[in-house]
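# Fold and geometry: a report
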Amino acid sequence: CEETSIAMIDNFYRGNTNDTISINTATEEIMRAYRIKTNYFGYSLDETATQMVEWINHFYAWEARTVERPSVDSMKAELAAGRPIILPAHGTELDNPYFLTPLLDYHVIVLTGYDDETGEFISNDPGTCLLYTSPSPRDAHESRMPSSA
């Protein structure tokens, strides 16, 4: 999920404003991220936030940083400034029925917005081949995650 999250944000920063990209393009971009990661870190299944920042800052045209214990307001400010957020999370804590098993404890998603009316972050979840949206999303490509202030 780290490779896919990085590929999604790289696609955004390269100016792709389409809602979707082709399967071939997505596969190429994810595999590029995977090759970079494997060449730099060696084989691994999961990377820490610190490793993802190092990976991004060494090999991509945009920059990343880690923020420990960000507040909801600081995250909303990043999103309002047009900067998506890569969020490492406990998979079982996400409101996603495909991540209920303890075997999927670590997961990475991309936050792309915030809905002030519902108090939910809007996320793009690279973790399943199945589309999942939480109840009452505005867009079928989004899932929503409640925030806790």
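This text goes with the structure placed above it.
A brief report on the enclosed structure follows.

Cut-offs applied
- Residues numbered from 1 in each chain as written.
- Predicted model: local features only at pLDDT ≥ 70, side-chain atom pairs only at ≥ 80, totals over all residues.
- Heavy atoms only, no water.
- Buried < 20%, exposed > 50% of the residue type's maximum accessible area, 1.4 Å probe, protein only.
- Helix = DSSP H or I, 4+ residues; strand = E, 2+ residues; numbered from the N terminus.
- Pairing = 2+ DSSP bridges.
- Phe/Tyr/Trp six-rings, centres within 6.5 Å; stacked < 30°, edge-to-face > 60°.
- Core = buried A, V, L, I, M, F, W, Y, C linked by side-chain atoms within 4.5 Å.
- Contact = heavy atoms within 4.5 Å.
- Salt bridge = Lys/Arg side-chain N within 4 Å of Asp/Glu carboxyl O.

The next thing to look at is the pairing of strand β3 (residues 120-124). Counting buried positions along β3 gives 4 out of 5 residues, so the element sits mostly inside the fold. The sheet contact formed by strand β2 (residues 106-115) and β3 spans 5 bridges and is antiparallel. Residue pairing in the sheet places Leu111 in a bridge with Ser123 of β3. What sits between the antiparallel neighbours β2 and β3 is a turn of 4 residues, in which Gly119 has the positive phi angle 70°.

On to the packing of aromatic side chains, then. What characterises a pair of aromatic rings is the spacing of the ring centres plus the angle enclosed by the ring planes. Applying the stated criterion to the full structure yields 7 aromatic pairs. The interplanar angle of 65° and the centroid separation of 5.0 Å between the aromatic rings of Phe12 and Tyr13 together place this pair among those described as edge-to-face. Relative accessible area serves as the criterion here: at 40%, Phe12 is assigned to the partly exposed category. Pairing Tyr40 with Phe59 gives two aromatic rings, centres 5.1 Å apart and planes at 80°, and the pair type is edge-to-face. In this pair, Tyr40 sits in helix α2 (residues 23-41) while Phe59 sits in helix α3 (residues 49-59), placing the two residues 19 residues apart along the sequence.

On to the nonpolar core, then. The biggest cluster of nonpolar side chains holds 11 residues, and these are Ile6, Ile9, Ala33, Ile36, Met52, Trp55, Ile56, Tyr60, Trp62, Val108 and Val110. Put simply, the parts of the chain that give this core at least two residues each are α1 (2-13), α2, α3 and β2. The element contributing the most residues to this core is α3, with 3 residues. Those residues in contact with Ile9 that sit more than four places away from it in its chain are Trp62, Pro84, Ile86 and Val110. Residues Met75, Ile85, Leu111 and Phe121 belong to the second largest nonpolar core, which totals 8 residues.

Right, let's get into the pattern of salt bridges. Tallied over the entire structure, the rule returns 8 salt bridges. A salt bridge links Arg65 to Glu78, with the shortest nitrogen-to-oxygen separation between them at 2.9 Å. One end of the pair, Arg65, is in the loop between α3 and α4 (72-80); the other, Glu78, is in helix α4, with 13 residues separating them in the sequence. When salt bridges that share partners are traced, they join Asp10, Arg14, Glu29 and Arg32 into one network.

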